[in-house]
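# Secondary and tertiary structure notes
So the chains spell out like this:
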Amino acid sequence: MNTTLTFLGLESSCDDTAAAVVRHTPGSCPEILSSVVMGQSELHADFGGVVPEIAARAHAERLDLCVEQALKKAALTLREIDGIAVTAGPGLIGGVLSAVMCAKGLSIGTGLPMVGINHLAGHALTPTLTDDLEFPYLMLLVSGGHCQFLIVRGVDDFSRLGGTIDDAPGEAFDKTAKLLGLGQPGGPAVEACAMSGDAAQIPLPRPLLDRPDCDMSFSGLKTALLRARDLLVAKHGGLREVDRANLCAAFQQAVTDVLAEKSRRALKLYLSENPTHPAFAVAGGVAANKRVRALLETVSAEFDVRFTAPPLALCTDNAAMIAWAGLQRYRSGARDDMTLSARPRWPLDKTSPSMLGSGKKGAKA
Amino acid sequence: MPPKDLILGFDTSAAHCAAALISGDRVLVQKFEPMQKGQAERLVPLLQEVMDEGGSDWSDLSAIGVGIGPGNFTGIRISVSAARGLALALDIPAVGVSGFEAQAYGQKKPVYSIIEAHRNQIYLQKIGENTVAEPQLLAREQKKFLKSEQVVGTSLEDSLPNICLPAFPLAVAIAYLAAKRYRTQQARPAPLYIRAADAAPPRDPAPVILP
């Protein structure tokens, strides 16, 4: 397996339809030959969040177009591809299913091997695509759907140190934007509005900081923000711009403080294993927030640990990370057949007890 | 004489996996498996079985016909997504065929083609010899006028006395219609949902913003 491999990746687990081509020769850096992402923000804007059925409808009619574009940009045909990697979960099942079926069609029609990839593994392995990190490294995956600390030990070896017990921060940013009459997606809107605000004007809680572990909670923060907003609206007969900016700043600061403090705890656990080249990587859409990024960088410096955050386009959902994860999994012998299932729930760490959705269907992530 | 067109048709728009391989007028293989769930796992292995039993390679196919619904949203997407992937892989056209047209294939026209929509509704389309009306979603009690019309359909929760069964198995009709159209039809298959996505704008409006 020491030959050059070129993989096509497909991703559609939330509201981005994506396809990409990644090539790797052992001993050299992986190369992203193309990475196409078709977003859907405008389709969901009126609803204040991603509507699963609307997302699924868009994915079904865009995936093959994305694949064509990705191949064209890479100046390759399917004949020059060695394998197909597809996100098989966790995520919104309608979208995941479309990509899995499209990948099966591509695979059976071409005879190319297919590998189903865990979306979270795609994010978690991105630092090995962009920054040449060595295992084991600490990873904070923080997005609209996920929030967890992982020690990444290998291509298929992850230990979860902790994570959110309810909502993900990205979802809380979206909800905040909605409550404050800002546009979607909420992350960039809240960040921009917070620029002119003063976080100290509005006291918001820092949930679960009283617990020594790495678990987090963001649902109560949303409620606290709603109460603070309602008080201000009642007082002034509406929401003043200045109050809105203060609310945004306070919310962003609360999220950042929680992430920073829990990162310290995760770093302590990680460093107790004496990794040879200690590194802390952050990925996911919330990693695009400058304040979050800056504070996590500061925390890493406190511990004298290398900090990396992939470029924005590889922090948010994309298919290059799926192609890369698939390529590596294929090298280690992974193959899936045409009965591959799309999985709405699929925890990365197979041994740690579940934190979310521990009902009969099992853990979400 | 040139070799006859080889067409693979399939459908998962309701509680089944259906597939057929046709060559010209001849049905080489036809399969229909009822199933409530598991279509995503079963479909491609079923298609492989159909190809094997027909003694055909994937590269022999001239075109793909795929059922686009109406019916189960997820089920429709399973087939449409697979068809689009296959078409790209094989560099052949994929043709979307509605359940209305497939049921009406080989029937005396005009005919009302009806499909169960659940929630006390039915999907309906009037198909003439050369004209096709807009598909509709009707309340079940509104179907009384159909009693004096030519009607085709299967699997209604409550039947009509005058309903005819389709002349061909679903996947066979889809393959036949795809065979007629694939040289001229350009558009890629897209689901025919008719029913809008279940989504409502947020109930709590944002506050009035004061300067």
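Quantities reported herein were computed from a predicted structural model and do not represent experimental measurements.

When its secondary structure is counted, chain A shows eleven helices and eleven strands. Along the first, second and third principal axes, the C-alpha atoms of chain A reach 65 × 50 × 40 Å. Evaluated residue by residue, chain A yields a buried proportion of 58% over its 365 residues. The contacts of chain A with a sequence gap of at least 6 include a subset with a gap of at least 24, amounting to 72%. For chain A, the computed accessible surface area is about 13700 Å², with 52% contributed by carbon and sulfur atoms. Between the centroid of the 36 positive side chains of chain A and the centroid of its 39 negative side chains there is a distance of 4 Å.

As a further point, take the domain arrangement of chain B. All names here are of chain B. When its domains are assigned, chain B resolves into domain 1 (6–98 + 168–181) and domain 2 (100–164). A C-alpha centroid distance of 23 Å is found between domain 1 and domain 2. Contact residues are listed per partner, giving 13 residues for domain 1 and eight residues for domain 2. Summed over the three residues of domain 1 that lose the most area to domain 2, namely P70, S98 and F168, the buried surface amounts to 51% of that side.

Residues and elements named next belong to chain A. Following the sequence through the fold, A19 ends up in strand β2 (residues 16–24). In this structure A19 comes out as buried when scored by relative accessible area, which is 0%. With 303 residues separating them along the chain, A19 and I322 place their C-alpha atoms 8.8 Å apart. With near-sequence residues (within four places) excluded, A19 lies in contact with G9, S35, V36, C66, V67, A70 and A319.

A word on the nonpolar core. Of all hydrophobic cores here, the largest spans 87 residues; its most connected members are Y137(A), L204(A), F218(A), F251(A), L259(A) and F280(A). Sorting elements by how many residues they give to this core places helix α8 (residues 241–271) of chain A first, with 14 residues. For this core, the domains that each give at least three residues are domain 1 (5–131 + 317–363) and domain 2 (137–309) of chain A. Residues within four places of F280(A) in sequence aside, it is in contact with L138(A), M139(A), L140(A), F149(A), S263(A), L267(A), L296(A), S300(A), V305(A), R306(A), F307(A) and T308(A). With 65 residues, the next largest nonpolar core counts L63(A), L97(A), V44(B) and L86(B) among its residues.

Residues and elements named next belong to chain A. Counted under the stated rule, the structure contains zero disulfides over all chains. No disulfide involves C147; its sulfur sits 11 Å from that of C214, the nearest cysteine. Assessed through its relative accessible area of 4%, C147 is described here as buried.

To continue, consider the layout of surface pockets. Take a probe with the size of a water molecule and roll it over the atoms, and the empty space left behind shows itself. Its boundaries defined by the atoms lining it, the largest pocket holds a volume of some 1400 Å³. Secondary structure elements with two or more residues in the lining of the largest pocket: α1 (41–44), α4 (119–130), α5 (169–179), α6 (186–194) and α10 (312–315) of chain A. Per element, the largest residue contribution to the lining of the largest pocket is six residues, and it comes from α5(A). Considering only residue class, the lining of the largest pocket consists of 14 nonpolar, 21 polar and eleven charged. Looking at which domains feed residues into the lining of the largest pocket, each of domain 1 (5–131 + 317–363) and domain 2 (137–309) of chain A supplies at least three. Here the second largest pocket is characterised by a volume of approximately 1100 Å³. Lining the second largest pocket are 42 residues, and of these S13(B), A14(B), A15(B), H16(B) and N72(B) sit closest to its centre. Counting only elements with at least two residues in the lining of the second largest pocket, the list comes to α3 (93–110) of chain A together with α1 (39–53), α2 (73–90), α3 (99–104), β6 (111–118) and α4 (170–181) of chain B. For the lining of the second largest pocket, the element with the highest residue contribution is β6(B), accounting for five residues. Its residues assigned to classes, the lining of the second largest pocket shows 20 nonpolar, 16 polar and six charged.

All names here are of chain A. The sheet built from five strands is open, its strands ordered β3-β2-β1-β4-β5 with mixed pairing. Every interior strand has two partners, whereas the edge strands, β3 (31–39) and β5 (114–118), have only one. Across the sheet, the axes of successive neighbouring strands diverge by a mean angle of 20°, strand direction being ignored. Of the strand pairs in this sheet, strand β1 (residues 5–11) and β2 are connected by seven bridges, and their pairing is antiparallel. Across the sheet, the residue bridging to G9 is A20, located in β2. Contacting β1, β4 (83–89) and β5, α3 runs over the sheet at an angle of about 155° to β4. Where helix α11 (residues 320–331) meets the sheet, its contacts fall on β1, β2, β3, β4 and β5, and the angle it forms with β1 comes to roughly 130°.

The next point concerns the UniProt feature "binding site: Fe cation" (unreviewed entry) in chain A. Residues and elements named next belong to chain A. The UniProt feature table records "binding site: Fe cation" (unreviewed entry) at H119, H123 and D317. Across 199 residues of sequence, these annotated residues stay compact in space, with a maximum C-alpha separation of 8.8 Å. Annotated residues from the preceding list that form part of the lining of the largest pocket: these are H119, H123 and D317. By the secondary structure assignment, H123 is in helix α4. Given the relative accessible area of 1%, H123 is considered buried. Once residues within four sequence positions are removed from consideration, D317 is found in contact with E11, S13, C14, D16, V37, H119 and H123. A distance of 3.2 Å separates polar atoms of two side chains, one belonging to D317 and the other to H119.

To continue, consider the side chain of R62(A). Residue and element names in this part refer to chain A. Here R62 is to be found in helix α2 (residues 52–73). An unpaired buried charge is present at R62: no salt bridge exists, and E42, the closest side chain of opposite charge, is 4.0 Å distant. Excluding anything up to four places from it in sequence, R62 contacts T17, M38, G39, Q40, E42 and L43.

Rules behind the numbers
Residues numbered from 1 in each chain as written. Chains lettered and ligands numbered in written order. Predicted model: local features only at pLDDT ≥ 70, side-chain atom pairs only at ≥ 80, totals over all residues. Heavy atoms only, no water. Helix = DSSP H or I, 4+ residues; strand = E, 2+ residues; numbered from the N terminus. Buried < 20%, exposed > 50% of the residue type's maximum accessible area, 1.4 Å probe, protein only. Contact = heavy atoms within 4.5 Å. Areas by Shrake-Rupley, 256 points an atom, 1.4 Å probe, with all protein chains shown as cover. Lys, Arg positive; Asp, Glu negative; His and termini not counted. Charge placed at Lys NZ, Arg CZ, Asp CG, Glu CD. Domains from an automatic or database assignment. Buried area = accessible area lost by both parts, 1.4 Å probe. Core = buried A, V, L, I, M, F, W, Y, C linked by side-chain atoms within 4.5 Å. Disulfide = S-S within 2.5 Å. 1 Å grid on protein atoms, 1.4 Å probe; cavity = no way out; pocket = protein on both sides within 12 Å on 5 of 7 lines; lining within 4 Å. Points joined across faces, edges and corners; volume = space filled by probe spheres on them. Nonpolar A, V, L, I, M, F, W, Y, C, P; charged D, E, K, R; others polar. Pairing = 2+ DSSP bridges. Axes fitted to C-alpha atoms, helices over the stretch in contact; angles between N-to-C directions. UniProt positions renumbered as here; feature names shortened; annotations may be inferred. Polar contact = N/O pair within 3.5 Å; in protein donor to acceptor, adjacent residues only side chain to side chain. Salt bridge = Lys/Arg side-chain N within 4 Å of Asp/Glu carboxyl O.

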